[in-house]
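Below are the chains, spelled out letter by letter.
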Amino acid sequence: MSTPHRAERIDLAAAFRWFARLDMHESVANHLSLAVDDTSFLINPRGRHFARISASDLLLLNSRDGSTLERPDAPDPTAWYLHARLHEKLPEARCVMHLHPKYATALACLKDPTLYPIDMNTMRFFGRVVVDADFSGMALSDAEGDRVAGLMAGGATVLLMANHGVLVIGPTVARAFDEFYYFERAAQTLLTCYSTGKELSIVSDEIAALTERQWREYGQLSIDHFDNLKAILDAEDPSYQH
Ligand SMILES: [Zn+2]
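As the structure is a prediction and not an experimental result, all values here were calculated from the model.

## What to know about the side chain of His-25
Here is step 1: With respect to the secondary-structure elements, His-25 resides in the loop between α1 (6-21) and β1 (31-35).
Here is step 2: Engagement of the side chain of His-25 in a polar contact is seen with the side chain of His-49, the distance being 3.3 Å.
Here is step 3: The contacts of His-25, once residues within four sequence positions are left out, are Phe-19, Ala-20, Asn-30, His-49, Phe-50 and Leu-99.

Structure, rendered in structure tokens:
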């Protein structure tokens, strides 16, 4: 098959299939995108369940094409406004993932949504999370996309969107997927601790910062993680590659 960007399509399709297996997606909403050059990016088609998305289904859009939403196969408008502006404004964010997973979304709905450093997974995100406290309805304008891109400009990898969900950026599908996976695990641990009603044991900023740096030296982990997930799909349901 000679489809352009074949490897990128396969990686992104694998991420859709795995988020569905992990039940981190919601209905036929939520979106993942991957830049393939300075202006073009792949994204899921509107209204398609993550569990049914294959490599050839992904839309290839131009972030500067103002007529995109008039196409017969136009993407979801909220996906367009967020992802097109993020790819345009943050070229380092090759992969942009937006989901409403159970625990991270619950965290985003707390008055204090701080991901306190209480275990290695929560410490991984020390200094990497920006909280967008200004939920103002669905993202349906370029201005909203630009505002979100501005919040991510300081080097954060996670945008915790109050009263809404989470957005993660990364240099590759594997890195962004792994970041999202661990963020959801971290939120699950924190909320499980809250559910006990007992006091949290929060480590010092120094220990949290050290552990966050140590995580960065484990970059291969995210690659191994994603390679294993693709190998499982290859064995059980290789249709994502179609
Ligand atoms: Zn959303």
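Here the narrative resumes, following the displayed structure.
## Some thoughts on the pattern of salt bridges
Here is step 1: This structure, assessed with the given rule, holds 14 salt bridges.
Here is step 2: In this structure, the salt-bridge partner of Asp-146 is Arg-85, at a minimum N-O distance of 2.6 Å. Taken as a pair, Asp-146 in helix α5 (residues 142-151) and Arg-85 in helix α2 (residues 77-89) lie far apart in primary sequence, 61 residues in all.
Here is step 3: The class of Asp-146 is partly exposed, set by a relative accessible area of 26%.
Here is step 4: We note a salt bridge from Arg-124 to Glu-179, for which the minimum N-O separation is 2.8 Å. Residue Arg-124 is located in helix α4 (residues 120-124), and its partner Glu-179 is located in helix α6 (residues 173-196); the two are separated by 55 residues in the primary sequence.
Here is step 5: Through salt bridges with shared partners, a single network forms among Arg-124, Arg-128, Asp-178, Glu-179, Glu-212 and Arg-216.

## Some remarks on the packing of aromatic side chains
Here is step 1: All told, the structure shown has eight aromatic pairs when counted by the stated rule.
Here is step 2: Ring centres of Phe-177 and Phe-226 lie 5.5 Å apart, and the angle between their planes is 50°; on these two criteria the pair is classed as tilted. Residue Phe-177 is found in helix α6, and its partner Phe-226 is found in helix α8 (residues 219-236); the two are separated by 49 residues along the sequence. For the pair Phe-177 and Phe-226, one class covers both residues: buried.

## Topic: the coordination of the zinc ion
When four donors bind a metal tetrahedrally, each ideal donor-metal-donor angle is 109.5 degrees, and when six bind octahedrally, the ideal angles are 90 or 180 degrees.
Here is step 1: In the first shell of the zinc ion, the protein supplies His-98 (NE2), His-100 (NE2) and His-164 (NE2), at 2.0 to 2.1 Å from the metal.
Here is step 2: Motif for the zinc ion, donor spacing along one chain: H-x1-H-x63-H. An identical accessibility class is assigned to His-98 and His-100; each is buried.

## Brief notes about the sheet that holds β1
Here is step 1: A sheet is described by the order of its strands in space; here seven strands give the open sequence β3-β2-β1-β4-β7-β6-β5, paired in mixed fashion. Both edges of this open sheet fall to β3 (59-62) and β5 (129-132), since each of them pairs with a single strand only. Averaged over all pairs of adjacent strands, the angle between strand axes in this sheet comes to 20°, irrespective of strand direction.
Here is step 2: The pairing of strand β6 (residues 158-161) with strand β7 (residues 165-170) spans four bridges and is antiparallel. Counterpart to Leu-159 in the pairing with β7 is Leu-167.

## With respect to the packing of α1 against α6
Here is step 1: Running from N to C, α1 and α6 cross one another at 15°; their axes reach a closest spacing of 10 Å. Put simply, α1 runs roughly parallel to α6. For the crossing formed where α1 meets α6, the hand is right-handed. Between α1 and α6, the contacting residues are Asp-11, Leu-12, Ala-15, Trp-18 and Phe-19 on the first element and Val-173, Phe-177 and Phe-180 on the second.
Here is step 2: Split by residue class, the contact of α1 with α6 holds seven nonpolar, no polar and one charged.

## With respect to the packing of α2 against α5
The description of two packed helices rests on the angle between their axes and on the distance between the axes.
Here is step 1: Where α2 meets α5, the axes come as close as 8 Å, and the angle between the chain directions of the two elements is 50°. It follows that α2 is oblique to α5 by the angle criterion. When the axes of α2 and α5 are compared, the crossing they make is right-handed. Mapping the contact onto sequence places Tyr-81, Leu-82, Arg-85, Leu-86 and Lys-89 in α2 and Asp-142, Gly-145, Asp-146, Val-148 and Ala-149 in α5.

## With respect to the nonpolar core
Here is step 1: Counting residues in hydrophobic clusters, the biggest one holds 48 residues, and the most contacted among them are Phe-19, Met-97 and Phe-183.
Here is step 2: Elements supplying a minimum of two residues to this core: α1, β1, β4 (95-99), α3 (102-108), β6, β7, α6 and α8.
Here is step 3: Among the elements that take part in this core, α6 stands out by supplying 11 residues, more than any other.
Here is step 4: For Phe-19, the contacting residues outside a window of four places in its chain are Met-24, His-25, Leu-32, Phe-50, Met-97, Leu-99, Phe-177 and Phe-180.
Here is step 5: Judged by nonpolar contacts, the second largest core, of 14 residues, contains Leu-90, Val-96, Val-148 and Leu-159.

Calculation criteria
Residues numbered from 1 in each chain as written. Predicted model: local features only at pLDDT ≥ 70, side-chain atom pairs only at ≥ 80, totals over all residues. Heavy atoms only, no water. Helix = DSSP H or I, 4+ residues; strand = E, 2+ residues; numbered from the N terminus. Polar contact = N/O pair within 3.5 Å; in protein donor to acceptor, adjacent residues only side chain to side chain. Contact = heavy atoms within 4.5 Å. Salt bridge = Lys/Arg side-chain N within 4 Å of Asp/Glu carboxyl O. Buried < 20%, exposed > 50% of the residue type's maximum accessible area, 1.4 Å probe, protein only. Phe/Tyr/Trp six-rings, centres within 6.5 Å; stacked < 30°, edge-to-face > 60°. Donors = N, O, S within 2.8 Å, 3.2 Å for Na, K, Ca; no water. Pairing = 2+ DSSP bridges. Axes fitted to C-alpha atoms, helices over the stretch in contact; angles between N-to-C directions. Parallel < 35°, antiparallel > 145°, perpendicular 65-115°, else oblique. Left-handed = near helix turned anticlockwise from the far one by under 90°. Nonpolar A, V, L, I, M, F, W, Y, C, P; charged D, E, K, R; others polar. Core = buried A, V, L, I, M, F, W, Y, C linked by side-chain atoms within 4.5 Å.

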